[in-house]
Amino acid sequence: SPCIPVLPSGNSASRWWFDGFHEHVAGGCRLPRPKVAGGEEDRNPVIADFDGTLTRYWIDGRRGQTSHGLLQQGNAEYDAKRQALYEYYHPLEISPTIPIEEKTKLMEEWWEKTHGLLIEGGVTYDAIKKSVSEATIAFRDGVVELFEVLEELDVPVLVFSAGLADIIEEVFRQKLHRSFKNVKVVSNRMVFDEKGCLVAFKGKTIHVLNKNEHALDMAAPIHDKFGYPNVYNPDSVLMKQRTNVLLLGDHVGDLGMSDGLSYENRIAVGFLNNNTEMSFKSYLDAFDVVYLNDASMRGVVELVSHLC
Ligand code: TMP
């Protein structure tokens, strides 16, 4: 099945958990600095999930909201309908016992129903801005530092999310008050009419378990007006043979985010946010490094500074 996660292969880094992994990983797997910033040299990407990976799972004792969860449509009936779907499907999403094919169907169902309710119940871009300003959402400690280090190193970052691109970008604007030239959001994108009302979603739906299929879509060449692959576009980094990839996720399905990519080494960092006892072993098997308890991103910053 295309949804079976690809486990790290050819990865010279051993699997480490918590302290002490940096030097081992750094010794075995280097992310070389580009020879000329912005040139055609290998640029090894970082591919990061958004909800629960870049963002915190808990904020002051409350569950941090996702890009989907924070949205108030301005229509209480539809907000309640989407919340009811969340209460039904989220436990299924995080259940470690549902077989992957069955879970994939359930996730397709959830995303289809939610997107349908967003269109039917109406959403405006103004409602998105207001929702983000009132949301319980925060980046993990160290995320800004990570983006700054990666920007400085000219490392492309793909934020690859099954959430909503327009909301994620608004979260970047409002919570970070800045953009990063190397960061690109790949997620479900809304289409608004001239009055600023949501009328459709662009392209195929991305849900938590089909990121691997979309990773392949992203590998399609993107050419500039002269017919050359546009190496400045982070999407097109997926075209080239990469030496190394750093992947950050909170779901085993996130491992599929690097499927479009041909690479020699991948270091996959997993943030295990819930069902810790039941999911711990499968995360440890799937990811090279596993962080628990809403850990900060500082370990990843340190890892990057060792590797680049
Ligand atoms: P991710 O790819 O950024 O982790 O995002 C998807 C998250 O969004 C996933 O954990 C489930 C969540 N979600 C909601 O909170 N509400 C919804 O209506 C849907 C469809 C997903």
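Up top you'll find the structure we're talking about.
Just so we're clear, the structure is a prediction, and the values are computed from it rather than from any experiment.

(A) The pattern of salt bridges, seen in detail. Under the definition given, this model contains 12 salt bridges. In this structure, the salt-bridge partner of E145 is R298, at a minimum N-O distance of 2.8 Å. Placement of the pair is E145 in helix α5 (residues 143-152) and R298 in helix α9 (residues 298-307), with a sequence separation of 153 residues. For E145, a relative accessible area of 32% corresponds to the partly exposed category. Across the pair K281 and D285 runs a salt bridge, and its minimum N-O distance is 2.7 Å.

(B) Representation of the site of the ligand. Neighbouring residues of the ligand: 15 residues in total, closest D49, T66, E93, S161 and A162. In the model, an oxygen atom of the ligand is placed 2.7 Å from a nitrogen or oxygen of the E93 side chain. Residue T114 places a side-chain N or O atom 3.2 Å away from an oxygen atom belonging to the ligand. Taking a 2 Å distance to the grid points as the criterion, the majority of the atoms of the ligand fall inside the largest pocket. Looking at the shell around the ligand, the elements with two or more residues in it are α2 (76-94), α3 (100-121) and β4 (157-164). Its residues assigned to classes, the shell around the ligand comprises six nonpolar, five polar and four charged.

(C) Focus on the packing of aromatic side chains. Scanning all chains against the criterion turns up 13 aromatic pairs. For the ring pair F147 and F172, a centre distance of 5.8 Å and an interplane angle of 20 degrees mean the geometry is stacked. With F147 in helix α5 and F172 in helix α6 (residues 165-176), the pair connects residues that are 25 residues apart, well separated along the chain. In terms of burial, F147 and F172 fall into one category: buried. Aromatic rings pair up to connect F50, F139, F147, F172 and F180 into one cluster.

Criteria and thresholds
- Residues numbered from 1 in each chain as written.
- Predicted model: local features only at pLDDT ≥ 70, side-chain atom pairs only at ≥ 80, totals over all residues.
- Heavy atoms only, no water.
- Salt bridge = Lys/Arg side-chain N within 4 Å of Asp/Glu carboxyl O.
- Helix = DSSP H or I, 4+ residues; strand = E, 2+ residues; numbered from the N terminus.
- Buried < 20%, exposed > 50% of the residue type's maximum accessible area, 1.4 Å probe, protein only.
- Near = heavy atom within 4 Å.
- Polar contact = N/O pair within 3.5 Å; in protein donor to acceptor, adjacent residues only side chain to side chain.
- 1 Å grid on protein atoms, 1.4 Å probe; cavity = no way out; pocket = protein on both sides within 12 Å on 5 of 7 lines; lining within 4 Å.
- Sits in = over half its atoms within 2 Å of the grid points.
- Nonpolar A, V, L, I, M, F, W, Y, C, P; charged D, E, K, R; others polar.
- Phe/Tyr/Trp six-rings, centres within 6.5 Å; stacked < 30°, edge-to-face > 60°.

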